[in-house]
Structure formats: structure tokens, C-alpha cells
Amino acid sequence: MVTAAPNVGVLALQGNVAAHVDKLAALGATTTSVRVPDDLVGVDALVLPGGESTTMSRLVELAGLFEPLGDVLAAGTPVLGTCAGLIMLATDVVDGRSDQRTFGVLSATVRRNAYGRQNQSFETRLALRAEQWSPHSVEMPDARGESGTRGSVEDADADTSAADAMTAVFIRAPRIEVCADSVTALAEFDGHPVLVEQGSILGATFHPELTPDLRVHRRLLDKVH
Amino acid sequence: MSEVERTGTSRVKRGLAEMLRGGVIMDVVTPDQARIAEDAGAVAVMALERVPADIRRDGGVARMSDPAMIEGIQAAVTIPVMAKCRIGHFAEAQLLAALNVDFIDESEVLTPADETHHVDKFAFETPFVCGATNLGEALRRIGEGAAMIRSKGEAGTGNIVEAVRHLRTITSSIRELASATPQECYQLAKAHAAPLELIQEVASTGKLPVPMFCAGGIATPADASLVMQLGAEAVFVGSGIFKSQQPAIMAAAIVEATAHYADPDVLARVSRGLGDAMRGDEIDGLDVTFAERGW
């Protein structure tokens with residue numbers, strides 16, 4: 001049986017759209033850049049990328065996207081939010097701007113820039129919670145050729161199996177301070193969840209789009225029926 | 001499971017540059033201006049003592065800003081704060097890194113401190129952005145550790161012509177490289193005076209290894225749209241905002257135009273009633289061309 005490739009809408013007002021588009025293409029999905037409400041027609045899943053959440057909030061408002069995109073999320077459309085995208089999903093934001101708005105669909109309190117400024121940004125290896133990762137979500141990673149990545153932690157991609165550790169890049173990252181019981185932690189760092197799932201929603205405080213590992217994006221596409 | 005945290009890796013440094021894509025980075029000289037920039041939707045601010053138009057007007061040696069001024073701006077906003085050091089002035093860069101700025105701009109707008117060497121940017125955990133007028137210059141800076149390239153344009157003129165020239169020069173060289181054979185890459189490395197491995201990387205990926213933003217002469221929303229359509233991934237606006245008649249409105253308009261750069265209807269809407277843009281200069285009449293600085 002042939003099924004059409006899922007069409008993933010990537011919010012493209014500001015942020016690292018290109019890296020998500022590359023990931024989704026590597027997994028066989030098609031993508032639509034979402035800048036105005038009409039772009040939401042026919043999307044099977046959504047990605048809210050990393051970027052600057054205050055800028056994104058303002059641009060979503062100016063583009064008239066809060067209500068239509070919120071409706072798509074309320075209908076249970078699978079969504080992945082990374083870093084600023086996670087902030088945009090959360091019900092509560094600490095250390096944000098007073099006029100900053102979010103979609104409020106992920107039952108969590110998120111603190112902006114919780115680790116400090118850029119000099120405190122880091123990469124690390126995350127232990128995944130094995131019971132949350134079934135073997136079918138494993139995908140061979142792509143080969144993202146990069147120069148000068150000296151000092152990076154080992155990716156150890158070639159033998160990635162279901163719940164092997166995941167390289168995670170945290171950039172002026174937010175931290176999930178509190179979340180509801182209905183939110184499942186798929187990975188934790190330093191005592192806080194950093195990759196979470198609540199029904200159709202996936203959120204990461206780090207950037208799975210910056211490493212060759214495809215497991216998080218695969219998990220989003222697995223939610224599309 | 002040991003949890004090793006590594007700061008300042010190339011991936012972490014380039015990562016912040018990637019997050020700023022599609023955004024506007026605004027020059028500000030006071031905390032109040034920084035707040036206006038953040039209110040308008042800037043993704044970051046560049047803290048400096050004088051905007052390039054004033055540096056150009058005043059002449060003399062232009063140096064790194066007063067740390068107290070940079071700290072005042074850091075305290076005023078929640079978005080990333082960048083600051084400039086002179087070309088080759090690694091002590092100014094060390095000082096800026098100690099101030100915990102989010103990005104260091106090794107900038108031709110300030111008076112160069114070294115006529116031969118740029119800063120060794122791999123020696124820093126703070127990411128660097130450097131200007132470039134052509135592909136070879138961009139790859140030399142990346143070879144020294146720059147995490148972001150901005151086409152130079154001609155800062156402080158409000159004249160977009162040099163930015164267009166530099167962007168077109170870089171993108172056409174990238175297109176040429178993308179169709180080069182492996183054998184031709186050796187000659188192209190020599191022709192561009194750039195590291196061979198970076199030439200080979202651009203030839204295989206068809207793009208720079210780091211994000212390419214545009215600076216130098218953007219004064220209107222249409223200018224921002226133009227350079228984005230020419231391949232810039234984000235824009236720096238220096239004098240163009242706070243030398244305009246209505247800075248807050250101009251700032252917001254350029255932010256929206258950058259996000260919707262390919263949508264002429266948005267461009268028309270945000271461009272109405274902006275008042276006067278900065279006055280602007282002809283390039284031929286300049287005493288100093290900043291873009292020539294850097295090697």
C-alpha cells in the first residue's frame with residue numbers, strides 16, 4: 001500500500017527553519033513553510049523551531065497565526081517544539097517578556113535562558129529513559145558533513161539503537177521547571193526533563209535538529225496517522 | 001552515565017548563529033534603544049558607543065565600547081547582546097568574552113588593530129561574526145573560527161549598493177564552486193586564497209559552513225527584503241534604525257519585512273508612513289571605506 005508522505009508545516013517566521021526541513025526531508029516527509037494562516041491548510045504535523053521566542057511571539061501575533069495555529073494544535077495535530085518552539089507551546093513562561101504569548105498546550109512551566117548566556121551554552125550526551133523508546137523508532141542517522149566541529153562530544157551514531165544516549169546541544173536554553181503528571185519525560189538532564197511528550201506534543205529544551213540523530217523527528221512523524 | 005558538558009564547541013557556537021536566522025540584529029547605543037529594539041522584535045542587539053554613521057562623521061580611532069555601557073544594555077534586554085572588537089585586537093575580544101557578551105563582532109567599522117592578523121577565534125568559547133566582501137574572505141574567517149559571516153556592505157551609509165555587490169559576489173562564487181570538479185577545487189582554493197578543506201566543503205554542500213547574514217547599508221524594509229531574496233539569512237541594521245525619523249516604527253517594519261521577505265503585500269503594508277529613512281551617502285563621496293579593512 002502506498003501512503004502519501006506526511007506534510008509537515010514548519011513555522012518559518014524566524015529561527016532555524018532550514019535544519020528542521022533537512023531532517024524531515026531525510027525522513028521522507030514533505031514540508032511547508034508556515035508564515036500566514038493559509039499555509040496551515042493540509043498540514044499533517046507541525047514543527048516550531050528554535051529561535052528567539054520573544055521575536056517569534058510578536059511575529060506570530062502580527063501574522064494573525066495565534067488563533068488558527070492554536071486551533072490546529074487543539075485538534076490534536078502532532079507538533080514538535082524545540083527550544084524557543086518549546087516555549088511557544090508551554091502554558092507558563094518564567095523570565096519572559098510581559099507581552100510574550102504562547103499557545104499554552106503543553107502543561108509545563110518553562111524558564112527562559114535558564115542556563116545563562118551563550119558562554120554557558122553546551123553540548124552533552126543524554127541518557128534516554130529506555131522504557132519510553134521502542135525499537136521501531138530507530139533510524140539510521142544522516143551524514144551531515146561539517147567542518148571544524150572540534151571539541152564536539154562524540155556522536156556515536158553508527159550503532160544508535162533505540163535508547164542509546166543522544167547528543168544534545170543546548171543554546172541559551174530554557175528549562176522545564178514544573179510539568180503536569182500528563183507530561184512524560186523522555187530524557188532528563190541535571191534533574192529536569194529536557195525532552196517531553198504529552199499526547200500529540202513533543203518538546204525539547206535542546207536542539208535535535210543540530211545533530212545527525214533522527215530519533216526525535218522520527219517520533220514526531222510516527223504520530224501522524 | 002557520565003554527563004560531560006562541553007561549552008564553546010563549534011556546534012554550540014554556530015548553533016546560536018543558526019537560531020538568529022530570519023531575524024534582525026540592531027545597533028543600539030543606550031539601554032533605552034535596546035528596549036525599543038527588543039519591543040520591535042529584534043533577535044539580538046549590537047551594543048556600541050556610536051552607530052557607524054556617527055563613527056564615520058566623527059573620524060578618529062574607533063575602539064571597543066565602554067564595558068559599563070555594554071553591561072547596561074545586557075541588563076536592559078532578555079535577547080542576545082553582541083559587541084564589537086577591532087580587527088586583530090584579541091585583548092578587546094578577551095575583555096568582551098569576560099563580559100559574557102553572546103557574540104563578538106570582529107568589525108571593520110572599528111579601526112583595525114592589526115594589519116596582518118585577525119583574531120584566532122578558535123581560542124574563544126564566545127562565538128564570533130566577521131565581515132566578508134567575497135567568498136575567499138568569508139572562508140578565511142571561517143578557517144580562523146568565525147561562527148557566522150556577514151556580508152560587509154558599507155556601514156553607516158544607508159546605501160545598499162555595496163551590500164548587494166558583496167552578497168552577489170559571495171553567492172555567485174558559491175554557485176561556481178558547487179559545479180566544480182574535485183580537480184578544479186585545488187585551483188579554486190588558490191584563486192580564492194582560502195583553505196582547501198573549506199573550498200571542498202562548499203563545493204559539496206553548495207553553501208557556506210556557517211550562516212551568512214547581511215550588514216552595511218540597510219535603511220528600509222525593502223532593503224531587508226532585497227538582501228534576503230539575494231540569499232542573506234538574516235540582517236544587521238546599524239544606523240538605519242536610530243538615524244531614521246521614527247526609530248520604533250522603522251525597527252518594527254524591518255522586522256516584519258525580514259520575516260515575510262518574499263511577500264510584497266506585507267512589504268507594502270509595513271512600508272507606508274514610515275517617515276524619513278536615514279539620509280544616506282553616495283559611495284564615491286566617502287573619505288573612508290570600511291569594507292576595505294580586513295584581509
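Let me begin by describing the structure that accompanies this report.

Conventions adopted
- Residues numbered from 1 in each chain as written.
- Chains lettered and ligands numbered in written order.
- Predicted model: local features only at pLDDT ≥ 70, side-chain atom pairs only at ≥ 80, totals over all residues.
- Heavy atoms only, no water.
- Pairing = 2+ DSSP bridges.
- Helix = DSSP H or I, 4+ residues; strand = E, 2+ residues; numbered from the N terminus.
- Axes fitted to C-alpha atoms, helices over the stretch in contact; angles between N-to-C directions.
- Left-handed = near helix turned anticlockwise from the far one by under 90°.
- Contact = heavy atoms within 4.5 Å.
- Nonpolar A, V, L, I, M, F, W, Y, C, P; charged D, E, K, R; others polar.
- Buried area = accessible area lost by both parts, 1.4 Å probe.
- Salt bridge = Lys/Arg side-chain N within 4 Å of Asp/Glu carboxyl O.
- Polar contact = N/O pair within 3.5 Å; in protein donor to acceptor, adjacent residues only side chain to side chain.

Some thoughts on the sheet that holds strand E9 (residues 175–179) of chain A
Residue and element names in this part refer to chain A.
Consideration 1: Taken in spatial order, the three strands line up as E5-E6-E9 in an open sheet, and their pairing is mixed. Strand pairing shows two members of the sheet lacking a second neighbour, strand E5 (90–94) and E9, which therefore form its edges. Each strand axis lies, on average, 30 degrees off the axis of its neighbour in the sheet, ignoring direction.

Some thoughts on the packing of helix H6 (residues 135–143) of chain B against helix H9 (residues 196–205) of chain B
When two helices pack together, their arrangement is captured by the angle between the axes and the distance separating the axes.
Residues and elements named next belong to chain B.
Consideration 1: It is the contact of H6 with H9, at a shortest axis distance of 10 Å, that shows an interaxial angle of 115 degrees. For the pair H6 and H9, the crossing hand works out as right-handed. Residues Leu139, Ile142 and Gly143 of H6 lie in contact with H9, whose contacting residues are Leu198, Ile199 and Val202.
Consideration 2: Its residues placed into classes, the contact of H6 with H9 shows five nonpolar, one polar and no charged.

Details of the interface of chain A and chain B
Consideration 1: Listed as interface residues are 56 residues of chain A and, on the opposing side, 50 residues of chain B.
Consideration 2: For the pairing of chain A and chain B, the buried interface totals around 4200 Å² over both sides, and the portion due to carbon and sulfur atoms is 48%.
Consideration 3: The largest contributions to the chain A side of the interface with chain B come from Arg117, Gln118 and Asn119 of chain A, which together make up 16% of the buried area.
Consideration 4: The interface formed by chain A and chain B includes five salt bridges.
Consideration 5: Across the salt bridge formed by Arg172 of chain A and Asp102 of chain B, the nearest N and O atoms sit 2.8 Å from each other.
Consideration 6: Taken together, the connections running from chain A to chain B amount to 28 residue pairs in polar contact (both at pLDDT 80 or more).
Consideration 7: For the side of chain A that touches chain B, the leading source of residues is helix H2 (residues 53–62) of chain A, giving five residues.

Considering the sheet that holds strand E10 (residues 184–189) of chain A
All names here are of chain A.
Consideration 1: Ordered by their spatial adjacency, seven strands build an open sheet running E2-E1-E3-E4-E12-E11-E10, and the pairing between neighbours is mixed. For this open sheet the edge positions go to strand E2 (30–34) and E10, each flanked by a neighbour on one side alone. On average, adjacent strands in this sheet sit at an angle of 20 degrees to one another, irrespective of strand direction.
Consideration 2: With four bridges connecting them, strand E4 (residues 79–82) and strand E12 (residues 201–204) associate as parallel partners. From the neighbouring strand, Val79 faces E12, where its bridge partner is Ile201.
Consideration 3: Across the sheet, helix H1 (residues 17–26) lies against strand E1 (7–11), E2, strand E3 (45–48) and E4, angled at about 170 degrees from E1, the strand it touches most.
Consideration 4: Its contacts with the sheet place helix H5 (residues 215–222) against E1, E3, E4, E10, strand E11 (192–198) and E12, and it is angled at close to 155 degrees to E4.

Taken by themselves, the reported measurements are silent on function.
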